[in-house]
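# Results of the structural survey
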Amino acid sequence: MLESYLKQLDLCYFELSEAFKGLSDDHVWVRPGTGLLSVGEIAGHIAYWEAVRFAGSLEDGSSPRDLLGCKIISPLLDPRFGYYTSTIDLTPSDDQLKLTAEQVSAELQRVHSEAMAFLKARNPDMQSKAPQWHSTYDELLRYVAFHIAYHTGQIYSARHFLGEQTPDN
């Protein structure tokens, strides 16, 4: 069952990579409107939660918002990207702002690959409770696919608001 979910998540990441095709470097960290997040911030949000959920040590009771125990290092893994409310009032760091569209996309893919390697190594019983989640790994993995798809749509919308032509998806 885990392999089926991993294939589904790989498909989600293929579609996510399509959303980055042709993205102007000048637009990666530009918020397309008041109250909206940039493509880079959305990518950081996706990466953050995947890394924390699958490469973290949340069994120790630490909060997922502080990255304790996360075994992946990335400029996209920033607790500010955890939730909209912790992102909207802050600007990305100087190191994050230096990342181009291609670098953000590649970093997002790398974090995903590493997070999935940690999940595979953990080889959880799909009906067991996932750490820091209200239900099972089965439910969590179904939610993660939705989460990635939802935010991929936001990336396309942000690009449209910024006047970009996007791939035909």
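Here, the structure is the one placed above.
This section reports on the structure supplied with the text. Since this is a predicted model, take the numbers as computed values, not measurements. (Residues numbered from 1 in each chain as written. Predicted model: local features only at pLDDT ≥ 70, side-chain atom pairs only at ≥ 80, totals over all residues. Heavy atoms only, no water.)

### Some points on the pattern of salt bridges
One pass over the structure, following the stated rule, counts 8 salt bridges. Among the ionic pairs, D138 bridges to R142, the shortest N-O distance being 3.3 Å. Taken together, the positions of D138 and R142, both in helix α6 (residues 137–161) and 4 residues apart, correspond to about one turn of that helix. Note on D138: relative accessible area 10%, which makes it buried. Taking the relative accessible area as the measure of exposure, R142 reaches 42% and is therefore partly exposed. (Salt bridge = Lys/Arg side-chain N within 4 Å of Asp/Glu carboxyl O. Helix = DSSP H or I, 4+ residues; strand = E, 2+ residues; numbered from the N terminus. Buried < 20%, exposed > 50% of the residue type's maximum accessible area, 1.4 Å probe, protein only.)

### Considerations on the packing of helix α2 (residues 39–55) against helix α5 (residues 101–122)
Running from N to C, α2 and α5 point in directions that differ by 15 degrees, and their axes come no closer than 8 Å. The angle between the axes of α2 and α5 places the two elements in the roughly parallel class. Crossing of α2 over α5 shows left-handed handedness. Contact residues: A43, I46, A47, E50, A51, R53, F54 and A55 in α2; V104, L108, V111, H112, A115, M116, F118, L119 and R122 in α5. For the contact of α2 with α5, a count of residues per class yields 13 nonpolar, 1 polar and 3 charged. (Axes fitted to C-alpha atoms, helices over the stretch in contact; angles between N-to-C directions. Parallel < 35°, antiparallel > 145°, perpendicular 65-115°, else oblique. Left-handed = near helix turned anticlockwise from the far one by under 90°. Contact = heavy atoms within 4.5 Å. Nonpolar A, V, L, I, M, F, W, Y, C, P; charged D, E, K, R; others polar.)

### Details of α5
Taking 1.5 Å of rise per residue, 22 residues should cover 32 Å, and α5 covers 32 Å from first to last C-alpha, within 8% of that figure. Every buried residue belonging to α5 is among A101, V104, S105, E107, L108, V111, H112, A115, M116 and L119, and all of these are buried. Mapping the buried residues of α5 onto a view down its axis gives an arc of 165 degrees, with all of them on the same face. Those residues of α5 that are exposed and aimed more than 90 degrees away from the buried face are E102 and A121. On its buried face, α5 is in contact with α1 (2–20), α2 and α6. Two residues or fewer past α5, N123 is found with a positive phi of approximately 45 degrees. (Expected span 1.5 Å × (residues − 1). Arc of directions from axis to C-beta.)

### Let's talk about unusual backbone geometry
Despite not being glycine, N123 shows a phi value in the positive range, around 45 degrees. Within the secondary structure layout, N123 lies in the loop between α5 and α6. Overall, the relative accessible area of 55% leaves N123 in the exposed class.

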